Every structure is written in structure tokens, then in C-alpha cells.
Amino acid sequence: MKKIIVANWKMNGSIGFMNTFIPAIAPILTKTSNQIIICPPFPYFSSLTTALKGTKAQLGAQNCHTDPQGAFTGEVSAPMLADLGCQAVIVGHSERRILFEESDDLVKAKAAAIHAAGMTAIICIGENLTTRKSGHAIDSVILQLQASLPPSTTSQNTLIAYEPIWAIGTGLTASLQEITEMHHALHQTTKIPIPLLYGGSVTDQNAKDILSLPHVDGVLVGGASLKAEAFCKIVSAS
Ligand code: PGA
């Protein structure tokens, strides 16, 4: 079955990196029947769009503002991203929730702005280690999800990424059982069939097992999405 693979480059990359990385992954991006969304930092949008021509990969972004335009120095709006051919935007990543103090309300408003601009919102949710250890991971993630989804949400314009905070960039992947339990709970909560992704230390070693779990429609990949060989293996893992 077709899976969704989102590459989150975070604040990484350079023209030099793309000059070797994109040619190395282009053949698999041309062949795959999976949906691939690559989210580079904004300055590389135009080079990546050119480099991805002829492949099936889509361009995504890592953030946007809630307003379509205005006096918000340094910000980028959803319609501007759509203007550049961007098809999806990550919102509510734990790095933004924690480092930039983004609340559920702000995530919800950004997701609504992304929908209004005709793009897909990739809404991230996930518990911290204290919550996981306390046994309340599922309840807390469901509450976070309900508070982050705007009324404009449909199964066509939204992807939900379950990313346990303790698994992001740590090498500590959630166990297959933990992912299964969470995705089952998310599937029951959403009522409409919104695709559900898992993220947090996904590698070429564990992608196949994770992608074969019930209600796992794809993965959101950080570190391994910057390594050509590993990323190609993840793209072809299902
Ligand atoms: P990671 O990052 O794959 O490096 O853990 C995932 C993410 O931050 O989305």
C-alpha cells in the first residue's frame, strides 16, 4: 500500500549539500509509488523545486505564520508558500512547541491558515518522557490532538504525525507496541480517516517494521532524511 514519507531537514542543508544529495536520491524519487514530501529550510525552496522536477516528490515547509500578509518582520505566510509550489507544511513540531513556545491554539490557527491556502497541514503531536513514564501518554496526546485540529480539517488536507518527544533525534525509537497502541487510539479519535504518521528516530533499520504496523500510513524522518543511502532505503521500505 502507498505510504507517506516526510523528510524534515530542520535547519540543515546548503547548496553544496543539495548538489550531491538530490542527484543521489532522484532515481528512487522517480520510481517510488509512495508519496514523498521534502521539507527544506525556506532559502532552498527554489533550488529544490528545480532539482525535484521530473520526480514524484512534493515540496513541503517546516513552519508558517497565521496571517496571509502584514507587518510581521521575518515571517512567511501560507499563501506565499503555496505561491512557490509548496504542497504541505509541518506545524506543531515539538521543537517549535518547546523552543518557540507554540501553543495548541497557535498550532490550530496555523493549520487553518495552511488549509485556507490550499495546502496540507502536517500536524505534529507527542508526549514527553515524564508523561510517557507516568502512564498518561495516550490521554495527553489525544487532548493535544483535539486542541490542535482546526474545524477546516478533512482527511484530504491533513496528516497527523505522532512524534514522542523523547524519541526525536535521540536514537530512542518508540517500541512497535507503543506505536501500535498510540496509532490505534488516534485512529479511533479522529473518526475521519486522516493519515497517521510516526516520527522519532526513524532509520533505514526500523522503517520497514514501523511502516507495516496497523494505522501507520507513513513516517516523518529527521536525521536520516539527510543521508542519501538511508533515505533511499526508507523510501523503498514498504
Ligand atoms: P529524527 O527527527 O528522525 O531525527 O528523530 C524527527 C523529527 O524531528 O521530526
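Thresholds, definitions, all that
Residues numbered from 1 in each chain as written. Predicted model: local features only at pLDDT ≥ 70, side-chain atom pairs only at ≥ 80, totals over all residues. Heavy atoms only, no water. Helix = DSSP H or I, 4+ residues; strand = E, 2+ residues; numbered from the N terminus. Rg over C-alpha atoms; globule rule 2.2 N^0.38 Å. Buried < 20%, exposed > 50% of the residue type's maximum accessible area, 1.4 Å probe, protein only. Areas by Shrake-Rupley, 256 points an atom, 1.4 Å probe, with all protein chains shown as cover. Lys, Arg positive; Asp, Glu negative; His and termini not counted. Charge placed at Lys NZ, Arg CZ, Asp CG, Glu CD. Salt bridge = Lys/Arg side-chain N within 4 Å of Asp/Glu carboxyl O. Near = heavy atom within 4 Å. Polar contact = N/O pair within 3.5 Å; in protein donor to acceptor, adjacent residues only side chain to side chain. Expected span 1.5 Å × (residues − 1). Arc of directions from axis to C-beta. Contact = heavy atoms within 4.5 Å.

Draft legend 1. Local environment of the overall build of the protein chain. Along its length, the protein chain carries ten helices and eight strands. Taking 2.2 N^0.38 as the reference for a compact globule, 238 residues should give roughly 18 Å; the C-alpha atoms of the protein chain span a radius of gyration of 17 Å, in line with that estimate. Along the three orthogonal principal directions, the C-alpha set of the protein chain runs to about 45 × 45 × 30 Å. Counting the 238 residues in the protein chain, one finds 52% classified as buried. When the accessible area of the protein chain is evaluated, it comes to approximately 10,700 Å², of which 56% is carbon and sulfur surface. Looking at charge distribution, the protein chain has the averaged site of its 16 positive side-chain charges lying 8 Å from that of its 17 negative ones.

Draft legend 2. How the structure looks around the pattern of salt bridges. Overall, the coordinates contain eight salt bridges when judged by the stated rule. With its nearest N and O atoms 3.9 Å apart, the salt bridge here joins D204 to K233. Pair noted here: D204 is in the loop between β7 (196-199) and α9 (207-211) and K233 is in helix α10 (residues 228-235), with a separation of 29 residues, a long-range link. Since its relative accessible area comes to 25%, D204 is described here as partly exposed. The class of K233 is partly exposed, set by a relative accessible area of 42%. One salt-bridge network, in which partners are shared between bridges, spans R96, E102 and K110.

Draft legend 3. Summary view of the site of the ligand. Taken together, the neighbourhood of the ligand is formed by 13 residues, with K10, H93, E163, G169 and S201 sitting nearest. Measuring from an oxygen atom of the ligand, one finds a backbone N or O atom of G169 at 2.6 Å. In this structure, G222 approaches the ligand through a main-chain N or O atom, which is 2.9 Å from an oxygen atom. Considering the ligand on its own, with 280 Å² of exposed area, one finds that the protein chains cover 95% of that surface.

Draft legend 4. Summary view of helix α8 (residues 176-190). Spanning 15 residues, α8 covers 21 Å between terminal C-alpha atoms, matching the ideal 21 Å at 1.5 Å per step. Every buried residue of α8 is listed here: I179, M182, H183, A185, L186, T189 and T190. End-on, the buried residues of α8 take up no more than an arc of 160°, which puts them together on one face. Exposed residues on α8 whose side chains face more than 90 degrees from its buried face are Q177 and Q188. The elements touched by buried residues of α8 are β5 (120-125), α6 (129-134), α7 (137-148), β6 (158-162), β7 and α9. Positive phi appears at K191, one or two residues downstream of α8, with a value of about 65°.

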